[in-house]
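Architecture and fold: a report
Each chain, written out:
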Amino acid sequence: MELPFAESWKIKMVEPIRKSTREEREKWLKEADYNVFMLKSDYVYIDCLTDSGTGAMSDRQWAAMMTGDESYAGARSFYELKDTIKKITGFDYVLPTHQGRAAENVLFSHLVKEGDYVPGNSHFDTTKGHIESRKAFAVDCTVDEAKNTQLEVPFKGNVDLKKLEAELERHCDKIPFIIITITNNTAGGQPVSMENLRGVRELADKYGKRVFFDSARFAENAYFIKTREPGYEHKTIKEICREMFSYADGMTMSSKKDGLVNMGGFIATKWEDIYEGAKFFLIPFEGFLTYGGMNGRDMAALAVGLDENTEFDMLQTRIKQVEYLAKKLDEYGIPYQRPVGGHAIFIDADKVLNQVPKEEFPGVRLGIELYLEAGVRGCEIGYLLADRDPVTRENRFDGNDFLRLCICRRTYTDNHMNVIAAALKNVYDRRHEIKHGVKIKWEAELMRHFTVKLEVLD
Ligand code: F0G
């Protein structure tokens with residue numbers, strides 16, 4: 001008999017979680033103005049809101065915490081981190097930040113000016129926010145296939161090179177750099193192929209532009225290249241990472257994802273001028289050059305996390321769990337962005353709640369129903385998250401409307417996956433009864449989904 005697949009780790013420490021009744025959840029959600037971000041985490045049974053900073057650290061990482069050097073300047077832990085980043089990416093210059101958006105803030109303060117255009121694949125909301133708040137434009141050049149959730153193509157996160165070249169022609173002088181998000185979170189945790197990264201590099205060179213990777217889930221991207229792109233099956237994840245980053249001039253990183261830590265980020269680059277320019281903003285915004293918003297012990301744990309998460313077994317364990325949940329949804333016929341991505345399942349809310357008008361945010365309503373059903377918390381990545389067009393102030397309905405269910409790294413078991421799947425099936429089975437979504441009572445101008453206040457329409 002062939003042995004089944006199992007995790008490449010065992011559990012050393014556990015954290016109790018609590019179930020609740022439907023009545024309790026109804027009360028809590030009403031108090032939270034139907035915004036799941038406003039719920040206390042104690043009110044959540046299985047938390048799929050995000051995979052950001054929610055993973056479990058290893059014993060090696062906890063051991064590294066004890067050896068952290070908390071010196072203000074020149075901390076040993078910084079140099080350990082810098083060496084690990086150099087090994088994985090090849091980049092010589094590193095600036096630590098407290099998380100990914102802080103890295104964006106520091107780098108974009110140096111590079112993005114009013115009236116600029118920053119093309120790439122789908123920008124994450126904080127990335128878009130940091131571009132648009134500078135009165136510049138984030139231009140999404142993702143391949144059209146990404147919009148069709150039922151299409152099975154291996155690299156749905158790719159940049160459409162024709163769209164990118166048209167943008168480079170149109171706004172050449174106003175483009176400070178190209179940004180590629182690996183994996184493409186907004187499109188469903190979808191990977192970008194090595195061939196595509198190479199293609200973007202060639203275009204960037206032709207037009208004299210620099211390329212940055214938003215690298216939050218770069219290791220998962222490398223896993224997909226190894227398992228889906230011909231020619232890479234025998235390479236190690238670390239070899240693939242080195243090649244990926246060889247096509248970039250630098251990166252921003254949210255270490256809370258593929259760094260396997262609860263907090264942290266960094267900028268890394270091969271260019272001294274970028275380092276010098278960004279450094280100027282790091283000190284007032286984040287902190288001195290060798291800690292920039294991080295504790296020494298957190299940098300020490302991150303160095304270990306980056307090393308662990310660029311090993312095949314770790315990534316395979318993680319992605320197999322996401323695939324396990326996807327298979328259950330296949331059994332129940334629940335539509336999601338196919339093929340399943342790296343860190344989450346993106347339920348196609350528009351298709352599930354097809355009677356709910358776009359203007360009433362189907363993805364948000366689906367998230368509300370799932371929470372009420374079983375205390376499972378997801379996150380809308382759709383029309384609400386897309387914010388309003390900065391010029392017309394109209395809602396943007398041109399993308400997909402997803403309910404994203406993130407799977408935290410090394411946190412839940414397959415039994416939890418079974419609960420999530422059953423809860424979704426129950427909601428799916430009564431989808432025809434759900435004809436309305438939500439109405440916005442109050443919203444912020446930017447990144448409204450975090451703090452929005454809603455009313456449920458029935
Ligand atoms: N880039 C990507 C692709 C992200 O997914 C995120 C965060 C960031 C940048 C910003 O990093 O949170 O450390 O400041 N994504 C989280 C999520 C919040 O839930 O997808 P951060």
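Look a little higher up for the structure.
Figured I'd write up the structure that's included with this text. Quick caveat: nothing in here was measured; it's all calculated off a predicted structure. (Residues numbered from 1 in each chain as written. Predicted model: local features only at pLDDT ≥ 70, side-chain atom pairs only at ≥ 80, totals over all residues. Heavy atoms only, no water.)

**Some thoughts on the site of the ligand**
To keep it simple, the criterion reads: In this text, near means that some heavy atom of the residue lies within 4 Å of the molecule or strand in question. Throughout this description, a polar contact denotes any pair of N or O atoms lying within 3.5 Å of each other; where both atoms belong to protein, one of them has to be capable of donating a hydrogen while the other can accept it, and for residues adjacent in sequence the pair is counted only when both atoms sit in side chains. Using a 1.4 Å probe, the Shrake-Rupley method yields the accessible areas, and only the shown protein chains count as cover for residues. Helix and strand definitions here come from DSSP, where helices need a minimum of 4 consecutive H or I residues and strands a minimum of 2 consecutive E residues; each element is numbered from the N-terminal end. Classes in brief: Ala, Val, Leu, Ile, Met, Phe, Trp, Tyr, Cys and Pro nonpolar; Asp, Glu, Lys and Arg charged; the others, Gly included, polar.
Every one of the 17 residues lining the ligand counts as a neighbour, but Arg 101, Asp 214, Ser 254, Lys 257 and Arg 404 are closest to it. Contacts to the ligand include Arg 217, whose side-chain N or O atom sits 3.0 Å from an oxygen atom. Look at the ligand: alone it shows 470 Å² of surface, and the protein chains cover 95% of it. Ranked by residues supplied to the shell around the ligand, first place goes to helix α4 (residues 100-111) with three residues. Among the residues making up the shell around the ligand, the classes are represented as two nonpolar, eight polar and seven charged.

**Let's talk about empty space enclosed by the protein**
The following threshold applies: Here a cavity means grid points, on a 1 Å grid over the protein atoms only, where a 1.4 Å probe fits yet cannot get out; a pocket means an open set of points with protein on both sides within 12 Å along at least five of seven lines; lining residues are those with an atom within 4 Å of a point. Grid points are joined across faces, edges and corners, and a volume is the space filled by probe spheres set on the points.
Inspection of every chain in the model, using the stated rule, returns three cavities of 30 Å³ or more. The calculated volume of the largest cavity comes to roughly 150 Å³. Lining the largest cavity are 16 residues, and of these Asn 35, Val 36, Val 364, Cys 379 and Glu 380 lie nearest its centre. Considering each element in turn, the lining of the largest cavity owes the most residues, four residues, to helix α14 (residues 362-374). Broken down by class, the residue content of the lining of the largest cavity amounts to 10 nonpolar, five polar and one charged. Of the volumes computed, that of the second largest cavity is approximately 40 Å³.

**Regarding helix α3 (residues 76-89)**
Let me state the cut-off plainly: A helix is expected to span 1.5 Å multiplied by its residue count minus one. Partly exposed residues are those whose accessible area sits between 20% and 50% of the maximum for their type, while under 20% is buried and over 50% is exposed, using a 1.4 Å probe and protein chains only. What the arc measures is the spread of directions leading from the helix axis to the C-beta atoms. Any two residues having at least one pair of non-hydrogen atoms within 4.5 Å are treated as being in contact.
The end-to-end C-alpha separation of α3 is 20 Å, in line with the 20 Å expected for 14 residues at 1.5 Å each. Residues of α3 that are buried include every one of Ser 77, Phe 78, Leu 81, Thr 84, Ile 85, Ile 88 and Thr 89, and no others. All buried residues of α3 fall inside an arc of 130 degrees around its axis, so they share one side. Buried residues belonging to α3 abut β2 (93-97), α8 (218-228), α9 (237-246), β7 (250-254), β8 (265-269) and α11 (296-308).

**Let's talk about the layout of surface pockets**
Estimated volume of the largest pocket: approximately 1500 Å³. What lines the largest pocket is a set of 38 residues, and nearest its centre among them are Met 13, Glu 15, Ala 56, Arg 410 and Thr 411. Tallied by class, residues from the lining of the largest pocket come to 15 nonpolar, 11 polar and 12 charged. In this structure, the second largest pocket is lined by 31 residues; those nearest its centre are Ser 122, Lys 128, Asp 140, Asp 398 and Gly 399. Listed by contribution, the elements that provide at least two residues to the lining of the second largest pocket are α5 (125-132) and β4 (137-140). In the lining of the second largest pocket, the residues fall into 14 nonpolar, seven polar and 10 charged.

**Details of the side chain of His 449**
Looking at the element boundaries, His 449 is found in the loop between β13 (438-442) and β14 (453-456). In terms of polar contacts, His 449 uses its side chain to reach the side chain of Asp 125, at 3.2 Å. In this structure His 449 touches Asn 35, Phe 37, Asp 125, Cys 379, Glu 380, Leu 384 and Leu 385, once residues within four positions along its chain are discounted.

**Some points on unusual backbone geometry**
Of note, the amide linkage connecting Ile 182 to Thr 183 takes the cis form, showing an omega dihedral of -15 degrees. Tracing the backbone through its elements, the reader meets Thr 183 in the loop between β5 (177-181) and α7 (194-207). The phi angle at Phe 361 is positive, at roughly 55 degrees, despite the residue not being glycine. Judged by its relative accessible area of 3%, Phe 361 falls in the buried class. Phi at Arg 393 takes a positive value of approximately 65 degrees, unusual for a residue other than glycine. Summarising the element assignment, Arg 393 is placed in the loop between β11 (379-381) and β12 (402-406).

**Notes on the pattern of salt bridges**
Pairing between side chains of opposite charge can happen when their charged atoms approach one another. Quick note on the threshold: Salt bridges are counted wherever a side-chain nitrogen of Lys or Arg sits within 4 Å of a carboxyl oxygen of Asp or Glu.
Applying the stated criterion across every chain yields a total of 41 salt bridges. The closest approach of N and O atoms between Asp 59 and Lys 12, which form a salt bridge, is 3.2 Å. Of this pair, Asp 59 sits in helix α2 (residues 59-66) while Lys 12 sits in the segment before α1 (22-31); the two residues are 47 residues apart in sequence, bridging distant segments of the chain. Look at Asp 59 and you get partly exposed, because its relative accessible area is 49%. Salt-bridge contacts for Arg 76 lead to Glu 80; the nearest nitrogen and oxygen are separated by 3.8 Å. You can see Arg 76 and its partner Glu 80 sitting in helix α3, four residues apart, about one turn around the helix. Judged by relative accessible area, which is 46%, Arg 76 ranks as partly exposed. A residue is classified by how much of its surface remains accessible, and Glu 80, at 33% relative accessible area, is partly exposed.

**Structural notes on the packing of α8 against α9**
Heads up, the condition is: Axis angles are defined between N-to-C directions and span 0 to 180 degrees, where every axis is a line fitted to C-alpha atoms and, for a helix, only to the segment in contact. Just so you know how the angles are binned, under 35 degrees is roughly parallel, over 145 roughly antiparallel, 65 to 115 roughly perpendicular, and the rest oblique.
In contact at an axis separation of 9 Å, α8 and α9 are set at 105 degrees when each is read in the N-to-C sense. When the axis of α8 is compared with that of α9, the two are roughly perpendicular. Across from Phe 218, Asn 221, Ala 222, Tyr 223, Ile 225 and Lys 226 in α8, the residues of α9 making contact are Ile 237, Ile 240, Cys 241, Met 244 and Phe 245. Here the residues of the contact of α8 with α9 sort into nine nonpolar, one polar and one charged.

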